[in-house]
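Notes for the structure review
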Amino acid sequence: MPWTEAPAGAQQWVPPHPQSIDALKQSAADCRGCELHENATQTVFGRGAPHARIVFVGEQPGDVEDRHGLPFVGPAGRLLREAVDDAGIDPADLYITNAVKHFRFEMRGSRRIHQNPGPTHIAACRPWLVAEFSLLNPQMVVILGATAGRALLGSSFRVTRDRGKLMSWPAASEHPEDFPVAEIQALATFHPSAVLRADDRETAYRVLVDDLRTAAAAVA
Ligand code: URA
Ligand code: SF4
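So, a few notes on the structure that sits alongside this text. Please read these numbers as outputs of a predicted model, since none were measured by experiment.

Section: the site of ligand 2
All residues adjacent to ligand 2 are Ala10, Cys31, Gly33, Cys34, His37, Val100, Lys101, His102, Ala124, Cys125 and Trp128. Among the detected pockets, ligand 2 sits in the largest cavity.

Some points on helix H5 (residues 145–153)
Burial analysis of H5 places 7 of its 9 residues in the buried class, the great majority of the element. Looking at the buried side of H5, the elements it contacts are strand E2 (54–58), helix H4 (119–136), strand E6 (140–144), helix H6 (159–162), strand E7 (167–169) and strand E8 (184–189). Directly beyond the C-terminal end of H5, a positive phi value near 120° is found at Gly154.

Let's talk about empty space enclosed by the protein
Per the counting criterion, the structure on display carries 1 cavity of 30 Å³ or more. Here the largest cavity is characterised by a volume of approximately 100 Å³. Along the walls of the largest cavity sit 15 residues, with Cys31, Cys34, His102, Cys125 and Trp128 positioned nearest its centre. Of all the elements, H4 adds the most residues to the lining of the largest cavity, at 3 residues.

Parameters at a glance
- Residues numbered from 1 in each chain as written.
- Chains lettered and ligands numbered in written order.
- Predicted model: local features only at pLDDT ≥ 70, side-chain atom pairs only at ≥ 80, totals over all residues.
- Heavy atoms only, no water.
- Near = heavy atom within 4 Å.
- 1 Å grid on protein atoms, 1.4 Å probe; cavity = no way out; pocket = protein on both sides within 12 Å on 5 of 7 lines; lining within 4 Å.
- Sits in = over half its atoms within 2 Å of the grid points.
- Buried < 20%, exposed > 50% of the residue type's maximum accessible area, 1.4 Å probe, protein only.
- Helix = DSSP H or I, 4+ residues; strand = E, 2+ residues; numbered from the N terminus.
- Contact = heavy atoms within 4.5 Å.
- Points joined across faces, edges and corners; volume = space filled by probe spheres on them.

Take it as geometry only, folks, not as evidence of what the structure does.
Here it is in structure tokens:
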């Protein structure tokens, strides 16, 4: 593929009338909508309650998630589960997924180092996100960090400025027509990995939990 050409995108792998998240997940296993499938181990699809009222969107699977095939099962996932618990959210009310469903990395020696997904990967993978929202029909989306923010709200998203506020989504996004799904509430917050990396981890964690409480209250 010439480098000037955008990747084809996931749309042709998305079944037209999926009956369930499991059916979507099975189709996503074969996705070749962008080049990230070439080096990653497997597609890491979303998981959680089929009638979840709250959907969390992260960035992309990390090293641990890539090997296990499940989102948020590494260190960031551990912190997120703790924060969900501290915010009083019932895990049975959650579905968790990522903006991009293959792990992007570069090799340094024998180590696989995380690389942020680019705008082309986010755009290529969007059909899976749209399909998940269409099936789940949740009340609220919690946007975890900058990549998810750019994926759902657009390139002007800034986590420090835009977090903690209830919004109406897709209306609040730069291109709402990219998300032909029902209007729901949205709230952005720190990515759990950013909390793990923060100089003042305790404060960052408290902000994350407070934001999750705001989200929980909005669906109560
Ligand atoms: N970070 C993410 O954004 N998603 C995961 O699934 C794991 C880590
Ligand atoms: Fe398909 Fe998304 Fe994987 Fe690219 S990252 S191959 S669009 S599932």
